[in-house]
Amino acid sequence: MQRIITPEPLTKARFAPYGDVIETEGSDFFMINNGSTQRFHRLSEVMLGKPDDRAIISIFRAQKLTYPLPIKMLERHPLGSQAFIPLKQKPFLILVAEPGDQPDPETIRAFITNGHQGINYHTGVWHHPVLSCEAEDDFLIVDREGDGNNCDEHYFSDDSDMVLESGIPS
Ligand SMILES: NC(=O)N[C@@H](O)C(=O)O
Ligand code: NI
């Protein structure tokens, strides 16, 4: 039987088992620059797996996939975190499963952001590659570079029938 996964609005609490939500809403800050700037300090941290690892900053220019999207695979980064910050303040989709040797389909959840939220997947969290809601969208990426494999992929069996709704009113 087909399982339709419907995105929930992203909140810090809902996303806590998978990582951090990077947003000003509901986040603490302190004043800097002689009172002209609010610093929302350490909303998340870059996680690195090895002493010589580096945190790097990239941009992903992502094309929209076709929804409802058949969920064929998830991936994880065993040696570091991965953060996605939307550069155009557009909503995007997130699909995650709880950490484990393989993603348990029963723990798969989907979220949709409000356009003013980024996320940082913690090390080893199963997730779908970036899911843009726009025909083309840009994301600032902060993740790990270093020796060793940092991307495990898991493909679900052919009889797995899960689809992700876009969550955007058509
Ligand atoms: N492969 C790659 O750099 N991108 C993925 O990790 C992703 O989460 O989009
Ligand atoms: Ni990734």
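Conventions and cut-offs
Residues numbered from 1 in each chain as written. Chains lettered and ligands numbered in written order. Predicted model: local features only at pLDDT ≥ 70, side-chain atom pairs only at ≥ 80, totals over all residues. Heavy atoms only, no water. UniProt positions renumbered as here; feature names shortened; annotations may be inferred. Helix = DSSP H or I, 4+ residues; strand = E, 2+ residues; numbered from the N terminus. Buried < 20%, exposed > 50% of the residue type's maximum accessible area, 1.4 Å probe, protein only. Contact = heavy atoms within 4.5 Å. Pairing = 2+ DSSP bridges. Axes fitted to C-alpha atoms, helices over the stretch in contact; angles between N-to-C directions.

For the protein, the name recorded in an unreviewed UniProt entry is Ureidoglycolate lyase, with Amphritea opalescens as its organism. Taken from UniProt, the Subunit (unreviewed entry) comment for the protein reads in full: "Homodimer." Listed under Function (unreviewed entry) in UniProt, the entry text for the protein is "Catalyzes the catabolism of the allantoin degradation intermediate (S)-ureidoglycolate, generating urea and glyoxylate. Involved in the utilization of allantoin as nitrogen source."

Asks: How do you make sense of the environment of Leu140 when you look at a structure like this?
Replies: With respect to the element layout, Leu140 can be found in strand 15 (residues 136-145). Judged by its relative accessible area of 27%, Leu140 falls in the partly exposed class. Each C-alpha atom, one on Leu140 and one on Ile57, is 7.0 Å from the other, the two residues being 83 residues apart in sequence. In contact with Leu140, other than residues within four places in its own chain, are Ile57, Ser58, Ile59, Ala83, Phe84, Ile85 and Leu87.

Asks: What is the right way to read the sheet that holds strand 15 from this model?
Replies: What holds strands together in a sheet is hydrogen bonding between their backbones, with the strands either parallel or antiparallel. If you trace the five strands from one edge of the open sheet to the other, you get 3-12-9-15-6, paired in antiparallel fashion. The sheet is open, and its two borders are formed by strand 3 (19-22) and strand 6 (54-63), each paired with just one other strand. The sheet shows a mean angle of 20° between the axes of neighbouring strands, taken without regard to direction. By the bridge criterion, three bridges tie strand 9 (residues 82-86) to strand 12 (residues 118-121) in an arrangement that is antiparallel. Pairing of Ala83 across the sheet is with Asn120, part of strand 12.

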